[in-house]
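# Coordinate analysis (summary)
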Amino acid sequence: MKSAVLVFPGINRERDMARALKLASGNEAAMVWHANTALPKGTDLVVVPGGFSYGDYLRCGAIAARAPIMDAVRAHAAAGGLVMGVCNGFQILCESGLLPGVLMRNAQLKFICRDVHLRVERSDTPFTRGYNAGQVIRVPVAHGEGNYAADEETIRRLEGEGRVLYRYCSASGEVGDTHNINGAAASIAGIVSEKGNVLGMMPHPENHVEDIMGCTDGRGLFAGLVAHLKAA
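Let us look at the structure shown here.

Scoring rules and cut-offs
Residues numbered from 1 in each chain as written. Predicted model: local features only at pLDDT ≥ 70, side-chain atom pairs only at ≥ 80, totals over all residues. Heavy atoms only, no water. Phe/Tyr/Trp six-rings, centres within 6.5 Å; stacked < 30°, edge-to-face > 60°. Helix = DSSP H or I, 4+ residues; strand = E, 2+ residues; numbered from the N terminus. Buried < 20%, exposed > 50% of the residue type's maximum accessible area, 1.4 Å probe, protein only. Pairing = 2+ DSSP bridges. Axes fitted to C-alpha atoms, helices over the stretch in contact; angles between N-to-C directions. Contact = heavy atoms within 4.5 Å. Polar contact = N/O pair within 3.5 Å; in protein donor to acceptor, adjacent residues only side chain to side chain.

## Details of the packing of aromatic side chains
As enumerated under the stated definition, the model contains 2 aromatic pairs in all. Taking the centre distance of 6.4 Å and the plane angle of 35 degrees together, the rings of Phe52 and Phe111 count as tilted. Taken as a pair, Phe52 in the loop between β3 (45–48) and α2 (69–78) and Phe111 in the loop between β5 (102–104) and β6 (112–120) lie far apart in primary sequence, 59 residues in all. Their ring planes at 10 degrees and their centres at 5.9 Å tell us that Phe90 and Tyr148 sit as a pair that is stacked. Here Phe90, found in helix α3 (residues 88–95), pairs with Tyr148, found in strand β8 (residues 147–149); they are 58 residues apart in sequence, far enough to count as distant. This pair shows no difference in class: Phe90 is buried, exactly as Tyr148 is.

The following block contains the structure:
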């Protein structure tokens, strides 16, 4: 698996992501500066990591979405290439038009930094094949604007087309307001594009891939991507 991790001013999870990708695939990820206009030749997966690109000025991800490298990312996605955005990366993908909706301030207007539980809704996508449908995983979140919002028609389309891949839930898999940590519509923690090759999610699976962290639930996402690309 040949991966490219984008780097913007203010991004701070690029090395965490690169390490997770190396552990899963055995290959070093290329670090791609935001001012570049092309991705490395042969790139399979583009990752937009978390952090605070451009200090979260204007709207989170709004400036990064207009960086020169994003034209290459859009072309990569249009050609069927895999793209994954985590936390600020999810915000950037929405701002760039690669995913619908927007990430708003958390419902309680507070920054949230803790482990949460997610229910995996499908296991037949490149981003979930390392899990079982209905499986509950534990991963960290660290965001102030993770409240996913979209108009009713968009939410119905996402639900009807099976494009919600991860939802906030309880440890036993129950979905509801009590376990919806940031007020996201339909408890949405992660969605995919219409073609199923672009994922945006708020939690950080890259921080739960090693035993030393006390939990390895994020490992399945990366293992699934490797398996998908090997099969392809």
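## Let's talk about the sheet that holds strand β11 (residues 198–201)
Reading across from one edge, β2-β1-β3-β4-β11-β10-β9-β6-β7 is the order of the 9 strands in this open sheet, with mixed pairing throughout. Bordering the open sheet on either side are β2 (30–33) and β7 (136–143), each of which pairs with just one other strand. This sheet shows a mean twist of 25 degrees between the axes of neighbouring strands, independent of strand direction. Bridge count for strand β10 (residues 188–192) against β11 is 3 bridges, and the pairing is antiparallel. When the bridges of β11 are listed, Ile191 appears paired with Gly200. Those strands touched by helix α1 (residues 14–25) are β1 (3–7), β2, β3 and β4 (82–86), and its axis lies near 175 degrees from that of β1.

## A closer look at the side chain of Ser170
Summarising the element assignment, Ser170 is placed in the loop between β9 (164–169) and β10. Residue Ser170 is classed as buried on the basis of its relative accessible area, which comes to 10%. Side chain to side chain, Ser170 and Ser172 meet in a polar contact 3.0 Å long. Discounting residues that sit within four places of it in the chain, Ser170 has contacts with His117, Val136 and His179.

## Observations concerning α3
The periodicity of an α-helix, 3.6 residues per turn, causes residues three or four positions apart to be oriented the same way. Along α3, 8 of the 8 residues are buried, which leaves the element largely enclosed by surrounding structure. Within α3, the full set of buried residues consists of Asn88, Gly89, Phe90, Gln91, Ile92, Leu93, Cys94 and Glu95. Backbone geometry just after α3 places Gly97 at a positive phi near 85 degrees.

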